[in-house]
Structures are given as structure tokens and as C-alpha cells.
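Survey of secondary and tertiary structure
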Amino acid sequence: MEEIAYDGLLLVSYGGPDGADDVIPFIENVLQGRKHSAQRLEELAEPYMYFGGTSPINEQNKALLAAIIDELRGTTRSGCDSKVKRKALSLPVYWANLHWHPFLLDVLRQMSEDGISRALAFATSAFGSYPGCRKYREAIEAARAEVGPEAPRVDKMRLFYNHPGFIEAVSDRIQDALQRLNNTQHQPVQILFTAHSLPLS
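Residues numbered from 1 in each chain as written. Predicted model: local features only at pLDDT ≥ 70, side-chain atom pairs only at ≥ 80, totals over all residues. Heavy atoms only, no water.

**Some words on the overall build of the protein chain**
Inclusion rule: Every helix listed is a DSSP run of H or I at least four residues long, and every strand listed is a run of E at least two residues long, numbered separately from the N terminus. Throughout, exposure labels follow a simple rule: accessible area from a 1.4 Å probe, protein chains only, divided by the maximum for the residue type, with under 20% read as buried, over 50% as exposed, and the rest as partly exposed. What makes two residues a contact is simply this: any of their non-hydrogen atoms within 4.5 Å. Residue-level accessible areas treat just the shown protein chains as cover; the underlying method is Shrake-Rupley with a 1.4 Å probe.
When helices and strands are counted, the protein chain shows six helices and six strands. For the protein chain, the N- to C-terminal ordering of α and β elements is β-α-α-α-β-β-β-α-β-α-β-α. Expressed as a percentage of its 201 residues, the buried residues of the protein chain come to 31%. Pairs at least 24 residues apart make up 70% of the contacts formed inside the protein chain by residues separated by at least 6 positions. Summing over all exposed atoms, the protein chain offers an accessible surface of approximately 13,500 Å²; the carbon and sulfur share of this is 54%.

Printed below as a string of C-alpha cells:
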């Protein structure tokens, strides 16, 4: 099997508003030109406004970006029993969003200017669906086409919904939540999994 050489890593996420003034423009970006009434836009904005108009996703992605950079640098960390030294990789890391700053198109332009020719993309959406997978691939290709022939080639990593590390992390969070709930109530708890949108029923 041919070994592929990558000269960049791209973290790709959904994006979210940074404040109350960003909420409606962000939602309009998500809708991508589909027309909705002002009332419907306000309804869509309501969950964001409940939290002051700020989505936690951007700060989470900044923390993830820092962790990825730290990992690639091979920083020494103390493990349970010993210190672990990882091999450093000299790979520039970029972060782009589909629907908010930093926008994918702008970041791919920057990567092109930086001389990146082939990048590996890690999308923060774990699941196989149109909005969780194919939409990311289509957005990457559309941005590449707009940048032009100098745009880096971008290969999206595999979905990780079934990766043992992801399943373990989800399981740990559920156990933590159940422990907190069990301190205050003694009724059975139903767990609902959802991604990108709430179910209609």
C-alpha cells in the first residue's frame, strides 16, 4: 500500500456563535440561503440565547486544537506509572468551521498561501449521516474549488463513532451524569442520544 505524505492537519468543525449579535448571522449561514420567517429565525435562535448567545463549541475546539498541537509536538506527559515521551511530528495544524469563524474557505486559502499541498482533515462530527459526514466532504471540496488549483488536497479521516476511545469517553460521561442524578432522584433514567438536531417525537 502506497504511503501518503501529509504536510498539514485540518481540524474541521460545525462552528457556533460567539455572542448574542452572532446568533442570527450564524443561523443564516447554517440555512445556506433557505428562506425562513423572522419568527422562525427567532425560534431557532432561542436555544443559543438561553446561554447568552455563545455556543461552547468554539472554546471546546480551541482546547482540542491546543491538545492536538501538544500531541504532535511529542510533549512529555506524566502517565499513571511513568513519563511517556512521544515522537514529535512537524506538522502545521489549522482549524476551520463550516458555519462560523474561522471559515473553511478562508482557512484553505491560508493553507494554500502557506504552501500546504496535502492535508489530513479531522472532523469533530463522529457519526455517519449527511450533516455529520458527507456535508463536511462536500464543503471541503466546494472550498477547494473556490480557492482554485493551488488549493491543498484534503483527505477526511474516518468516522469515529465506533472507535473504542470515543465509546469509552461517552460511557464515562454517562456514568458521571448518572451518579449525579442518583444523588437527587431514585427514579429510572432514560438516555436519549441525538446529533445535530432534536427529534420531532
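**Some words on the pairing of strand 6 (residues 153–156)**
Within a regular beta strand, the side chains point alternately toward one face of the sheet and then the other, so they alternate between its two faces. Put simply, the rule reads: What makes two strands pair is DSSP finding at least two bridges between them. Place the viewer so that the strands point away; then a crossover is right-handed whenever the path from the first strand over the helix to the second strand goes clockwise.
The pairing of strand 5 (residues 118–123) with strand 6 spans four bridges and is parallel. Residue pairing for strand 6: Leu-120 is matched across the bridge by Asp-155. Following the chain from strand 5 across helix 5 (residues 130–147) to the adjacent parallel strand 6, one finds a crossover that is right-handed.

**Some remarks on the sheet that holds strand 4 (residues 93–97)**
Put simply, the rule is: For every element, the axis is a line fit to its C-alpha atoms; helices are fit only across the contacting stretch, and the angle between N-to-C directions ranges from 0 to 180 degrees.
Spatially, 4-1-5-6 is the arrangement adopted by the four strands of the open sheet, whose pairing is parallel. Each of the sheet's edge strands pairs with one partner strand only, and the pair in question is strand 4 and strand 6. Sheet twist, expressed as the average angle between the axes of neighbouring strands with direction ignored, equals 30°. Packing of helix 4 (residues 104–113) onto the sheet brings it into contact with strand 1 (8–13), strand 4, strand 5 and strand 6, and relative to strand 4 it is tilted by some 155°. Sheet strands in contact with helix 5 are strand 1, strand 5 and strand 6, and its direction is about 175° off that of strand 6.

**Here's the deal with the packing of aromatic side chains**
This is how the line gets drawn: A pair of Phe, Tyr and Trp rings is counted when the ring centres sit within 6.5 Å of each other, with Trp represented by its six-membered ring. The angle between the planes then sorts it: under 30 degrees is stacked, over 60 is edge-to-face, the rest tilted.
Inspection of every chain in the model, using the stated rule, returns eight aromatic pairs. Aromatic side chains Tyr-50 and Phe-51 sit 5.0 Å apart centroid to centroid with 85° between the ring planes, which places their arrangement in the edge-to-face category. In this structure Tyr-50 comes out as exposed when scored by relative accessible area, which is 69%. Among the aromatic residues, those joined into a ring-pair cluster are Tyr-14, Phe-26, Tyr-48, Trp-100 and Phe-103.

**Points about unusual backbone geometry**
A cis amide bond links His-101 to the next residue, Pro-102, at an omega of -5°. Among the structural elements, Pro-102 can be located in the loop between strand 4 and helix 4. Backbone geometry at Gln-32 places phi at a positive 50°, although glycine is not the residue there. Its place among the elements puts Gln-32 in the loop between helix 1 (23–31) and helix 2 (38–50).

**Looking at a nonpolar patch on the surface**
Where we set the bar: Each patch is built from residues lacking any salt bridge and having more than 30% relative accessible area; the joining distance is 9 Å for like charges and 5 Å for nonpolar side chains (Val, Leu, Ile, Met, Phe, Trp, Tyr). The salt bridge criterion pairs a side-chain nitrogen of Lys or Arg with a carboxyl oxygen of Asp or Glu, the two atoms within 4 Å.
On the surface, a cluster of nonpolar side chains totalling about 360 Å² of accessible area is made up of Leu-181, Val-189, Ile-191 and Phe-193. Structurally, the position occupied by Leu-181 is in helix 6 (residues 164–182).

**Concerning the side chain of Asn-61**
Along the polypeptide, Asn-61 turns up in helix 3 (residues 57–73). Not counting residues up to four positions away in its chain, the partners in contact with Asn-61 are Leu-11, Ser-13, Trp-95, Asn-97 and Thr-124.

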